[in-house]
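Report on the structure
The primary structure of each chain is shown beneath.
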Amino acid sequence: MDRSKKLSETEYEIMEVLWKAKAPMSAAQLSAYFSEHYGKEWKATTQATFLSRLTQKGMIVSERKGRVPYYRPIKSQKEYEQDGAQGILDSLYDGSIRNFFAALYGGGRMSEEERDSLKEWLDEQ
């Protein structure tokens, strides 16, 4: 995954809240949620910076209802995680799943159960 798309810990926490939300959330709603559940009290400018970065990274979009912007994810949690996994595969293993598995097992032997499970998964692909 491109470093510019990688989320900080706080950005990921914000995304987790938005992914679980049933509807888009305003900055005030996010602030109240983080205050109640995480004990975090953010200044408006700090929160605006996080939301701006998430927008720039293509993770969220804002939609105005009256004068209030509401934020919703445009990339799912699964899509974000797949992008990250693909980035690791590309940067460390030349995009090769075979190279990844070889590094994972480091020359060790897979059990028959692990091989069968992996083969079953690959056959489904």
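Throughout what follows, the structure given in this document is the object of discussion.

What counts and what doesn't
Residues numbered from 1 in each chain as written. Predicted model: local features only at pLDDT ≥ 70, side-chain atom pairs only at ≥ 80, totals over all residues. Heavy atoms only, no water. Pairing = 2+ DSSP bridges. Helix = DSSP H or I, 4+ residues; strand = E, 2+ residues; numbered from the N terminus. Phe/Tyr/Trp six-rings, centres within 6.5 Å; stacked < 30°, edge-to-face > 60°. Buried < 20%, exposed > 50% of the residue type's maximum accessible area, 1.4 Å probe, protein only. 1 Å grid on protein atoms, 1.4 Å probe; cavity = no way out; pocket = protein on both sides within 12 Å on 5 of 7 lines; lining within 4 Å. Points joined across faces, edges and corners; volume = space filled by probe spheres on them. Nonpolar A, V, L, I, M, F, W, Y, C, P; charged D, E, K, R; others polar. Salt bridge = Lys/Arg side-chain N within 4 Å of Asp/Glu carboxyl O.

In this section: the sheet that holds strand β1 (residues 25–26). Strand order in the open sheet formed by three strands is β1-β3-β2, with antiparallel pairing between adjacent strands. Taken across any chain shown, the strands that pair with only one partner, and hence form the sheet edges, are β1 and β2 (60–65). Pairing analysis gives six bridges linking β2 to strand β3 (residues 68–73), with the strands arranged antiparallel. Counterpart to Lys65 in the pairing with β3 is Val68.

A word on the packing of aromatic side chains. Counted under the stated rule, the structure contains nine aromatic pairs. With centroids separated by 4.7 Å and ring planes inclined at 35°, the aromatic side chains of Phe34 and Trp42 adopt a geometry described as tilted. The buried category is assigned to Phe34, whose relative accessible area is 0%. The class of Trp42 is buried, set by a relative accessible area of 18%.

A word on the layout of surface pockets. The volume enclosed by the largest pocket comes to roughly 220 Å³. Mapped onto the lining of the largest pocket, the elements with two or more residues apiece are α4 (77–93) and α5 (97–105). Broken down by element, the residue count for the lining of the largest pocket peaks at five residues, all from α4. Split into classes, the residues belonging to the lining of the largest pocket amount to five nonpolar, two polar and no charged.

Here we take up the pattern of salt bridges. Counted by the stated rule, this structure contains five salt bridges. Lys40 serves as the salt-bridge partner of Glu13, at 2.5 Å between the closest nitrogen and oxygen. Separated by 27 residues along the polypeptide, Glu13 in helix α1 (residues 9–20) and Lys40 in the loop between α2 (27–38) and α3 (44–56) bring together distant segments of the chain. For Glu13, a relative accessible area of 12% translates into the label buried.

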